[in-house]
Amino acid sequence: MALSREQMARRVARELKDGYYVNLGIGIPTLVANYVPEGMDVMLQSENGLLGMGAFPSEAEIDADMINAGKQTVTARPGASIFSSAESFAMIRGGHVDLTVLGAFEVDVEGNIASWMIPGKLVKGMGGAMDLVAGADNIIVTMTHASKDGESKLLQRCSLPLTGAGCIRRVLTDLAYLEIDNGAFVLRERAPGVSVEEIVARTAGRLIVPDDVVEMTF
Amino acid sequence: MALSREQMARRVARELKDGYYVNLGIGIPTLVANYVPEGMDVMLQSENGLLGMGAFPSEAEIDADMINAGKQTVTARPGASIFSSAESFAMIRGGHVDLTVLGAFEVDVEGNIASWMIPGKLVKGMGGAMDLVAGADNIIVTMTHASKDGESKLLQRCSLPLTGAGCIRRVLTDLAYLEIDNGAFVLRERAPGVSVEEIVARTAGRLIVPDDVVEMTF
Amino acid sequence: MAGLDKRVNTYEEALAGLTDGMTVLAGGFGLCGIPENLIAEIRRRRVKGLTVVSNNCGIDGFGLGVLLEERQIRKMIASYVGENALFERQLLDGELEVELTPQGTLAEKLRAGGAGIPAFYTATGYGTPVAEGKEVREFRGRRYILEEAISGDFAIVKGWKADHFGNVVYRHTAQNFNPVVATAGRITVVEVEEIVEPGELEPSQIHTPGIYVDRVILGHFEKRIEQRTVRA
Amino acid sequence: MAGLDKRVNTYEEALAGLTDGMTVLAGGFGLCGIPENLIAEIRRRRVKGLTVVSNNCGIDGFGLGVLLEERQIRKMIASYVGENALFERQLLDGELEVELTPQGTLAEKLRAGGAGIPAFYTATGYGTPVAEGKEVREFRGRRYILEEAISGDFAIVKGWKADHFGNVVYRHTAQNFNPVVATAGRITVVEVEEIVEPGELEPSQIHTPGIYVDRVILGHFEKRIEQRTVRA
């Protein structure tokens, strides 16, 4: 069966390492914070200028001057730092964030990502996404494998305007965990009960299926 | 008679305006701080990262962590700010300093300045001088009009490697106050008792002498 | 306001000189750390044809959104503008031009504008619509695009505390774009919650040195919250 | 040193991995805010052929000057190097290469190195020997030269206080180049006068966020004064 949002977040959380600085995008990526493995400590970066994002506040703690990049009220954990947008993106652009997790509309075999603009629809803007994908070496894209009407989002070539070119190496969908290497998706893990055949059928871009595709367990 | 160092500093100080942010170089420029006109307040910038340089410390106040760009122990005045070298030169390069006063070996009619390098002699470095002359709109160069062996330092074309190109508009020497305009020095004021003829004789670059050259008074 | 003392008493004085067609840089992220009262004063002055540079454009009826009501903004440079129905309508009607800029590039363009850097290279946006018409250049095997600095006629900034000399500190994440915007205005105006005496702010802890600031005014702030989120 | 806890106990551990031929970025201005003990440890390790990037090169017998005694520095990138007889001799003998860089350009190159900006334009140095071999380009009627970023294998930094996570604050003008150097090292090592618990430093007042810092060590400092100047 396809992974739930929570399972996707749990799977991504396995890529965390102790001491990582991590930027989590809006949606499923945000949930990853709930599944940091026991005994491990990571520091969450929020691109509006907060390193060391804490829990949401209690009613009493709410402070309009303390928000995250999703414009939600948050708290800062002990050892947090707060800085300007220029400093925040110096950090991001300079490659200091260890792991970035974000959603997308499409990803292709060249590591291109499209996540911000659908021609003909009103464009709200890219926010910090272009900086995040250009600045990070280590990115995990989380998205459904296919659209609601069954169109694959893992393509030979992105059809939508790009957010970044050649910057994605890892994708977690509701069906599979894949790496992008040498012009192809490489299937590494499949969701519990999802067959390799189904993943093949739902992947439009060139797909390599090694002999040792693992079934995820939760 | 040629101006003394103190008179040169006093003459430069007349160019100050209330509320100016000022960077003073080493030597005569430093003395300008002693002659800020009564009722006027200016803020001294020191390019190692201090805005609001105060007096030298008493013996008891000396602090190794508190120095100016000349590496002298200093104090900070109330309302000072302290920042990184990157921020300090963002300020300088960005044109936020209202007046920069510095010494030079040579200046020419194109507004070029040479102040850091004498070929054949050991070169110690330009420090912040190139940033200061490139960043400021409003610069006063202070130097002797001629070298000890009588060679003019106000030239048609600088003979030494430049510190900055086309950036100087005002020069105060021990003999005169001159503006640089349209490919010539324009004599504006002469030192008390110094004749126009002497200034003409000691100025190698094209010199314009208006009818109304003022004699400085102190 | 005299010499180093940047304090002004009225919002009218704070924005004296702001006229039609100018470029205004505004601090804030969403509704957090926005110069609420300076925005209100821009509205009151009814200046038109403004180019506004800000990460976002407020919401309907608050923040920069209020400047849309009288069609005061001609062009918006921002990274994300999605929270505003009036914005969308004016954009679709062609009354409003928008230049979408990646958030980090926007911050860096403003920093560059204040720091005397006319242009810089960044990998952000390479291979995307943002790169259209921009120079591409390779450094050490990677491709980058050339981005130019932004500066403005006025910068409007929301600080927490300032002293008479215009030294400013920001509170929590209300810092955001405010310090970079403050460096890039020909005239920089800061509104704050508290004005303190020179010397009360620790020199090493000042976020915006007074050299960048032309006018300081004491304001009262609503501080509306966009996404009130609490833990269970 | 585990996870977010950057503390190490020995200087040997602080510079583990430093080998011959590496590039070392060092904070400090003159002798103010220099990482004295990390410099001493570089000497103790006897690594050779270093490229050192720092505003100055210490004096004879103190600061970076001590690395000249065993000829450990092959190349120095600095804005001003005049305080050191041994430096001059090695330079004239051709044992030492020096690349003089304007102070502001040096600071900006280091910031760029940390901030993912491969190159930027500046008016500083246009028309001077510094511009030789560099691209000249006009923006809005003024000429600028292209300067590339600097980064290093190690950055050595002197802070005042740090917490376990490597958040650092600097004291007075001992800040200088330290924050920019801290951003541009592949491995950044900070020595401080005091280590505090996470949460003791006010988040908005941290000069160097811990994300830039790999190792923190507690040191004792001589803090030699170059120009002791007192008022009459």
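Residues numbered from 1 in each chain as written. Chains lettered and ligands numbered in written order. Predicted model: local features only at pLDDT ≥ 70, side-chain atom pairs only at ≥ 80, totals over all residues. Heavy atoms only, no water.

**Student:** Just give me the short version of the sheet that holds strand 8 (residues 152-158) of chain C, but keep the residues and values in it.
**Tutor:** Residue and element names in this part refer to chain C. With parallel pairing, seven strands are arranged side by side in an open sheet as 4-3-2-1-8-11-13. The open sheet has two edge strands with one neighbour each: strand 4 (97-100) and strand 13 (215-218). Each strand axis lies, on average, 20 degrees off the axis of its neighbour in the sheet, ignoring direction. Where strand 1 (residues 23-26) lies against strand 8, three bridges are found, and the strand directions are parallel. Bridging across to strand 8, Val24 finds its partner in Phe154. (Pairing = 2+ DSSP bridges. Helix = DSSP H or I, 4+ residues; strand = E, 2+ residues; numbered from the N terminus. Axes fitted to C-alpha atoms, helices over the stretch in contact; angles between N-to-C directions.)

**Student:** A description of the nonpolar core should follow, citing residues and the corresponding values.
**Tutor:** Grouped together as the largest cluster of nonpolar side chains are 87 residues, with contacts concentrated most on Leu25(C), Leu110(C), Leu25(D), Leu110(D) and Phe177(D). Core analysis: the second largest hydrophobic core is formed by 52 residues, Ala9(A), Val74(A), Ala104(A) and Ile168(A) among them. (Core = buried A, V, L, I, M, F, W, Y, C linked by side-chain atoms within 4.5 Å. Buried < 20%, exposed > 50% of the residue type's maximum accessible area, 1.4 Å probe, protein only.)

**Student:** Describe the environment of Ser115(A), with residues and values.
**Tutor:** Residue and element names in this part refer to chain A. When you line up the elements, Ser115 lands in the loop between strand 7 (113-114) and helix 4 (129-135). With 52 residues separating them along the chain, Ser115 and Cys167 place their C-alpha atoms 13 Å apart. Setting aside anything within four residues of it in sequence, one finds Ser115 in contact with Gly103, Ala104, Phe105 and Thr163. There is a polar contact of 2.7 Å between the side chain of Ser115 and the side chain of Thr163. (Contact = heavy atoms within 4.5 Å. Polar contact = N/O pair within 3.5 Å; in protein donor to acceptor, adjacent residues only side chain to side chain.)

**Student:** Requested: an account of the sheet that holds strand 2 (residues 50-53) of chain D, with residues and values cited.
**Tutor:** Residues and elements named next belong to chain D. Strand order in this open sheet of seven strands is 4-3-2-1-8-11-13, and the pairing throughout is parallel. Bordering the open sheet on either side are strand 4 (97-100) and strand 13 (215-218), each of which pairs with just one other strand. Averaged over all pairs of adjacent strands, the angle between strand axes in this sheet comes to 20 degrees, irrespective of strand direction.

**Student:** I'd like to hear about the interface of chain C and chain B, residue by residue, with values.
**Tutor:** In many analyses, interface size is given as the accessible surface area lost on bringing the parts together. On the side of chain B, 23 residues touch chain C, which itself brings 22 residues to the contact. Note on chain C versus chain B: buried area summed over both sides is about 1,700 Å², and carbon and sulfur give 62% of it. Its largest share of buried area at the contact with chain B, chain C owes to Leu4(C), Ile211(C) and Tyr212(C), together 36% of the area lost on that side. At the boundary of chain C and chain B, one finds zero salt bridges. Counting the contacts that link chain C with chain B gives nine residue pairs in polar contact (both at pLDDT 80 or more). A per-element tally of the side of chain C that touches chain B places helix 5 (residues 103-115) of chain C first, with three residues. Looking at the side of chain C that touches chain B residue by residue, the classes come out as eleven nonpolar, eight polar and three charged. (Buried area = accessible area lost by both parts, 1.4 Å probe. Salt bridge = Lys/Arg side-chain N within 4 Å of Asp/Glu carboxyl O. Nonpolar A, V, L, I, M, F, W, Y, C, P; charged D, E, K, R; others polar.)

**Student:** Which residues make up the pattern of salt bridges, and what values go with them?
**Tutor:** Proximity of charged atoms lets side chains of opposite charge pair with each other. For the structure on display, the rule yields 67 salt bridges over all chains. Across the pair Arg171(C) and Asp63(A) runs a salt bridge, and its minimum N-O distance is 2.6 Å. With Arg171(C) in the loop between strand 10 (168-169) and helix 6 (178-183) and Asp63(A) in the loop between strand 3 (50-53) and strand 4 (76-82), this residue pair bridges two chains. One salt bridge connects Glu95(C) with Arg71(C), and the closest N-O pair in it is separated by 2.4 Å.

**Student:** Outline the packing of helix 3 (residues 85-93) of chain A against helix 5 of chain C, supporting the account with residue identities and numerical values.
**Tutor:** In a pair of packed helices, the angle between the axes and the distance between the axes together describe the arrangement. The N-to-C vectors of helix 3 of chain A and helix 5 of chain C enclose an angle of 125 degrees; their axes lie 9 Å apart at closest approach. Considering their axes alone, helix 3 of chain A and helix 5 of chain C lie oblique with respect to each other. In the crossing of helix 3 of chain A with helix 5 of chain C, the sense of the turn from one axis to the other is left-handed. Every residue of helix 5 of chain C that contacts helix 3 of chain A at Ser85(A), Ala86(A), Phe89(A) and Arg93(A) is listed here: Gln103(C), Gly104(C), Thr105(C), Ala107(C) and Glu108(C). Its residues placed into classes, the contact of helix 3 of chain A with helix 5 of chain C shows three nonpolar, four polar and two charged. (Parallel < 35°, antiparallel > 145°, perpendicular 65-115°, else oblique. Left-handed = near helix turned anticlockwise from the far one by under 90°.)

**Student:** Tell me about the interface of chain C and chain A, residues and numbers included.
**Tutor:** Between chain C and chain A, the residue contacts involve 48 residues of the former and 45 residues of the latter. Between chain C and chain A, the buried area comes to about 3,900 Å², and carbon and sulfur atoms account for 61% of it. The partner of Asp65(A) in a salt bridge is Lys223(C), and the shortest N-O contact between them spans 2.6 Å. Put simply, chain C and chain A have 25 residue pairs in polar contact (both at pLDDT 80 or more) between them. Contributions of two or more residues to the side of chain C that touches chain A are made by helix 4 (85-92), helix 5 and helix 6 of chain C. For the side of chain C that touches chain A, the element with the highest residue contribution is helix 5 of chain C, accounting for five residues.

**Student:** I'd like a rundown of the confidence of the model for chain C, residues and numbers included.
**Tutor:** On average, residues of chain C score 96 in pLDDT, and 100% of them reach the 70 mark or higher. Listed scores for the predicted complex are pTM 0.98 and ipTM 0.97. (pLDDT = per-residue confidence, 0-100.)

**Student:** Which residues make up helix 3 (residues 85-93) of chain B, and what are the values?
**Tutor:** Residue and element names in this part refer to chain B. Of all nine residues making up helix 3, eight are buried, and the element is well covered by its neighbours. Listed as buried for helix 3 are Ser85, Ala86, Ser88, Phe89, Ala90, Met91, Ile92 and Arg93. Gly95 lies just past helix 3 and shows a positive phi near 80 degrees.

**Student:** So what about the pairing of strand 11 (residues 185-192) of chain D? Which residues, and what values?
**Tutor:** Residue and element names in this part refer to chain D. With seven of eight residues buried, strand 11 is to be regarded as a mostly interior element. Bridge count between strand 8 (residues 152-158) and strand 11: six bridges; the pairing is parallel. Bridging across to strand 11, Val157 finds its partner in Val190. Taken together, the four bridges between strand 11 and strand 13 define a ladder with parallel strand orientation. Looking at strand 13, one finds that Val189 is bridged to Arg215.

**Student:** So what's going on with the environment of Glu179(B)? Residues and values would help.
**Tutor:** Residues and elements named next belong to chain B. Residue placement: Glu179 occurs in strand 11 (residues 176-181). Each C-alpha atom, one on Glu179 and one on Gly111, is 9.5 Å from the other, the two residues being 68 residues apart in sequence. Setting aside anything within four residues of it in sequence, one finds Glu179 in contact with Arg169, Arg170, Ala184, Phe185, Val186 and Arg188. There is a polar contact of 3.2 Å between the side chain of Glu179 and the side chain of Arg188.

**Student:** Lay out the state of the cysteines with the relevant residues and their values.
**Tutor:** Counted by the stated rule, this structure contains zero disulfides over all chains. Of all cysteine sulfurs in the structure, the one in Cys32(C) sits closest to Cys57(C), which takes part in no disulfide; the separation is 17 Å. (Disulfide = S-S within 2.5 Å.)

**Student:** Describe the side chain of Thr208(D), with residues and values.
**Tutor:** Residue and element names in this part refer to chain D. Within the secondary structure layout, Thr208 lies in the loop between strand 12 (194-196) and strand 13. For Thr208, a relative accessible area of 2% puts it in the buried group. One polar contact links Thr208 to Tyr170, side chain to side chain, over a distance of 2.7 Å. Among residues more than four places away in sequence, those in contact with Thr208 are Gly166, Asn167, Val168, Tyr170, Pro179, Ala182 and Val213.

**Student:** Could you give an account of the side chain of Thr73(B), with specific residues and numbers?
**Tutor:** Mapped onto the fold, Thr73(B) is located in the loop between strand 3 (50-53) and strand 4 (76-82). Exposure remark for Thr73(B): the relative accessible area of 0% places this residue in the buried category. Looking at Thr73(B), its side chain comes within polar contact range of the main-chain oxygen of Thr229(D), at 2.7 Å. Those residues within four positions of Thr73(B) in sequence are excluded, and the remaining contacts are Phe56(B), Pro57(B), Ile62(B), Asp63(B), Met66(B), Ile67(B), Ile225(D), Gln227(D), Arg228(D) and Thr229(D).

**Student:** Could you give an account of the pairing of strand 7 (residues 142-148) of chain C, naming the residues involved and the relevant values?
**Tutor:** Residue and element names in this part refer to chain C. In the sheet, strand 5 (residues 119-122) pairs with strand 7 via four bridges, with the strands oriented antiparallel. Bridging from a neighbouring strand, Tyr121 pairs with Leu146 of strand 7. Where strand 6 (residues 136-139) and strand 7 come together, four bridges link them in antiparallel fashion. Bridged to Glu138 within strand 7 is Arg143. Between strand 6 and strand 7, which pair antiparallel one after the other, the connecting turn spans two residues, and Arg140 there sits at a positive phi close to 45 degrees.

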